[in-house]
Structures are given as C-alpha cells and as structure tokens.
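What follows is the residue order along each chain.
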Amino acid sequence: TARPARPARPARPARSERGAHAPRTCATSASGGAEGAAAAATAPPSSSSSTQSTLKITTWNVLCPAYKRLGGDPSAREAHDEELWRARLASQLEAMLESDSDVLCVQEAWLANEGARALLVGGLEAGGYACVETPRTGGRDDGLLCAVRRGRAEVVDSSSVLFRDCGDRVAQLLRVQTAAGGQFLLINCHLLFPHNPNSTLIRLRETFKLLEALQAYRDAVEGAEALPVVACGDWNGSLRGRVSRFLRSQGFVACVDEQACDEDKYISHRNHHGELVGCDNVFLLNPSSARESLTADWRRAVFAMMEAKIVELMGVSTTEKAFQLFDANSNSLLEADEMRALVDRLGLTGEGTIGLMPSEVEELVETMDSTRQGAVSLSDFSSWIDVESFSQAYGRVRSATEIWEEDGWDPQVDISTARAAPACAAFARSPAPGGAAGEMVPLAVEVEECALDGSWPKGFDLSDHVMVSASLCFS
C-alpha cells in the first residue's frame, strides 16, 4: 500500500537562508548494522506495507520567547519585542512543516501568550496536524505540544503528567494509532535544567514519576502493556547521564546512541552559558524489552537520600537514634511538623537542594503513616528508613574504584536510584531492539550534521536546540 499523500498546505514564502541547514541521517544500533540502516533511511518509499508503518518522530525544544535572552541586558527577553518573536515563530513553524514529520513533540511552546499559541497551533493544524497541549504548572509561560499528522496517525487518548515539583515540570502521555493500525504510547517531556548539583536528583525524581504514570496507564488500560513506548524530549542530561542510564536499565533504547554518533561529540543544545550539550533524544521501549513493572517509586529514592544525609551530615549510625533525634517532644511519634523539620534540617527543601515541595513532603508522611493517625511511629519510620543498611552499602560503594560519572560520581545518588527501582542496579543491560509483531524498530536518526561533530550549526538561530528526528518501523 502506498504511503498516503500529505494533506495540502497553504502557500508559504521561500525559506530564508538563515537557519536553513541540511540534516544528516545516521544509523542506530538497533537497526541491524550501519549499512542496512543507512540504506533503509535513504531509500525511496516502497509499495510494501512496512513503508506504511514507518513513522518519523521529531522532538524539538523551540526556546520560549519569555526565556530567550537579548543582548547584554540580563533582563531583556524576546517576548518584549513582538516583531522579533513573531518572525522567529513563523520560521520555526515553517521548519516544522518542512521536516515532513509524522509526529512532532515540542517543548517550550509559548502557550501562555494567546497570539503565539494561535500562530503555532493554528499553523500546525492548517498544515495537517492535530495538536495536544499541556501547559506547565505554577503559572509558567511555556508548555508541551504534540502534533500528529492527520492521515498518517491519530491520537486515541491523551493525559498530562504533572510532576508538581520545584520546577513546575510536566509531561504528556498519548496513545497513538497509525493509519496502518499499529498503536504505540508516546511520551513528550522536558526535565529540569541543571541549575545546581542537586538538579540530577530532581530530574531522576521526575523520571520516576513519569514511569509511575506510564505504569499506571499500562495497568489501567487493557492491552496497553503490549504497546511499544516512544519517549521524546529535552532530558537535560547527556547520553552518559544518570537519567539516560536509568532509562536504559529499564529496557529503553536510545535512538541517538554511541552507534549513531560519537557520544563525546554529539550536541543538540547551546545553553545560556554558551555550553554545548547533547540532551535531546528519542527513547524506545518494546514490550519484550521492558521490565515486568516500570514502577519507579520516587518516595523510596527520597527516603534513601534522607538515610544518606543522616549518615553523612549527622553521624547517626542507627535508625532508632535518628528517630529519637527528631522526636522533639519525646512522645515516641513524629508529627507532621517534626517530619517537616526533619526534611528541612537534612537540606532537602529550598533553593540549591533537591527541592522537595510541601505537597511532596506531605505525601512522604502519608506514605510512612500506616495507621493514618497523622504521625509516624518508630515502627513506621523503620519500615522506610534503614540507617544501618544504608551505612553499610554506602561504605562498600565508597570503596569501589574506576567508576566514572560526568557530573561527579556520588554513591548516594546511585544507591537512591537503585532503591527507587531495585531492578535497575545493572546499568549495562542491552535490550533487544524489537522484532516481535507489533513492536517497533528504530531505523535511523536525523539531526544537523555539524551537531554530530560537536559544533553548533553556523547561523542557526531558530532555537537554542536543534531538531532531532527518529524513523521507526513496526515489525
């Protein structure tokens, strides 16, 4: 069956030279070899049903005008100049339509501005796409947008994942059906920017919450566990970072990986510090590669962090001594205010920390309080906080050698990650690329050529991120 014709678009002016670059198509490690993947990516469409089931999925952080800095004035933003942001958004829309993507996952869409929203959403819908939007919480200016090209795929259902954390981050979870009848789950997300050393912990917590939402959907919707998952977005971490390693440990395959490019050279983002980083990616999880359960309990990770702080900062060696230390009124219970004081004293709230919000602290108390009396007993406390075990594990890990981590290897991070999802301890797992009926195989990735060689595209000013596209085929 031939690929359906693309819906007609309104005439547009010729694309300007500024920001126009030729992307490079590269093989992925899951495509059965470099030569085969490159050939599959560059070959003309065939009349086979496999062409009908091949999708191009693109992720792009478009840099919200409310955050785009102008000149040397640290307070100047593009949002203050309507002519500037309208021109850039028009060029971005043109680039999206010309990408010929079947699915577009957009981060930092300026949803709070009705004029910008109308231009972006209206332009995509006029270009043949159906759009799903998710604003960020906390009154932020931007949000996420998924656009699915009509005639090629449709959105069966969708939901928003609200992390309700210090970064007001959100994610999107959609079930998409292709014109050929195949279905998959689609994730669009934008994790916290690395503002400080604790940002890695916050991104991991966001990832845990994302997988909790994904597993809840798989449990609630009949047949959902049999669907592949495509997770797109700005992960704000590198291919070697902890979020990427954690996702791989759960069975996800990174479409942009060491086979598609040199990990040390791949870049997709030039941040406001002028640093070049490779943080945008498309991950694929096939049912045959997934862990039995994807649930990663963020609460367990935080409890492990509390254990680490008790051991490191306070020198306490037993769980009972820790409990007594925070039982200010010596009534053998930790009331809500004493638990809040504990979290504050351990440095887990506020600027420059892992940034627990009051609602998250309340959820921790509710998790520990088995009797629902509004207070935590020593027995409850010991069920979640095990100072002795953590102290022993911490000592063993500290003595390990030849362990590398890009942002400073920290045993409490890896121990807390393993505590959140015990099955993820073996980070070197290499899942199968798919092949069972209904599963997806990544064929190739497409990204600006110079971005794969470690340099920013000359003259590219549409965003501080480049587009990253993955071509995936149903088995």
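Structure shown above.
Computed from a prediction, not measured in an experiment: that's the story for all the values here.

## So, helix α8 (residues 319–326)
- Looking only at α8, the buried set comprises T319, A322, F323 and F326. Buried positions in α8, seen along its axis, are confined to an arc of 100° and lie on one side of it.

## A few points about the pairing of strand β13 (residues 280–285)
- By the criterion of burial, β13 is predominantly enclosed, with six of the six residues buried.
- Here β13 shows a buried face lined by D280, V282 and L284 and a second buried face lined by N281, F283 and L285.
- Pairing geometry for strand β9 (residues 229–234) and β13, over six bridges, is antiparallel. When the bridges of β13 are listed, C232 appears paired with V282.

## A word on unusual backbone geometry
- The phi dihedral of L63 is positive, around 60°, even though this residue is not glycine.
- Within the secondary structure, L63 sits in the loop between β2 (54–61) and α3 (82–98).
- Phi at S332 is positive, roughly 65°, even though this residue is not glycine.
- Among the secondary structure elements, S332 is positioned in the loop between α8 and β14 (333–335).

## Some details on the nonpolar core
- Counting residues in hydrophobic clusters, the biggest one holds 60 residues, and the most contacted among them are W235, F252, L356 and F381.
- For this core, the element with the highest residue contribution is helix α7 (residues 298–314), accounting for 10 residues.
- Of all hydrophobic cores here, the second largest spans 58 residues; its members include M96, V148, A153 and L452.

## Comments concerning the packing of α3 against helix α4 (residues 114–126)
- Two numbers describe how α3 lies on α4: the axes approach to 10 Å, and their chain directions differ by 20°. Taken together, α3 and α4 sit at an angle that is classed as roughly parallel. For the pair α3 and α4, the sense of crossing is right-handed. Side by side, α3 and α4 meet where W85, R86, L89, A90, L93, M96 and L97 of the first sit next to G115, A116, L119, L120, G123 and L124 of the second.

## A short note on the packing of aromatic side chains
- By the definition in use, this model includes seven aromatic pairs.
- When the ring of W85 is compared with that of W110, the centres are 5.0 Å apart and the planes differ by 85°; the resulting orientation is edge-to-face. Of this pair, W85 sits in helix α3 while W110 sits in the loop between β3 (103–109) and α4; the two residues are 25 residues apart in sequence, bridging distant segments of the chain.
- A relative accessible area of 4% places W85 in the buried class.
- Looking at W110, the relative accessible area reads 10%, which means it is buried.
- Residues W456 and F460 carry aromatic rings whose centres are separated by 5.8 Å and whose planes lie at 75° to one another, so their mutual orientation is edge-to-face.
- Judged by relative accessible area, which is 6%, F460 ranks as buried.

Reading the values: the criteria
- Residues numbered from 1 in each chain as written.
- Predicted model: local features only at pLDDT ≥ 70, side-chain atom pairs only at ≥ 80, totals over all residues.
- Heavy atoms only, no water.
- Buried < 20%, exposed > 50% of the residue type's maximum accessible area, 1.4 Å probe, protein only.
- Helix = DSSP H or I, 4+ residues; strand = E, 2+ residues; numbered from the N terminus.
- Arc of directions from axis to C-beta.
- Pairing = 2+ DSSP bridges.
- Core = buried A, V, L, I, M, F, W, Y, C linked by side-chain atoms within 4.5 Å.
- Axes fitted to C-alpha atoms, helices over the stretch in contact; angles between N-to-C directions.
- Parallel < 35°, antiparallel > 145°, perpendicular 65-115°, else oblique.
- Left-handed = near helix turned anticlockwise from the far one by under 90°.
- Contact = heavy atoms within 4.5 Å.
- Phe/Tyr/Trp six-rings, centres within 6.5 Å; stacked < 30°, edge-to-face > 60°.

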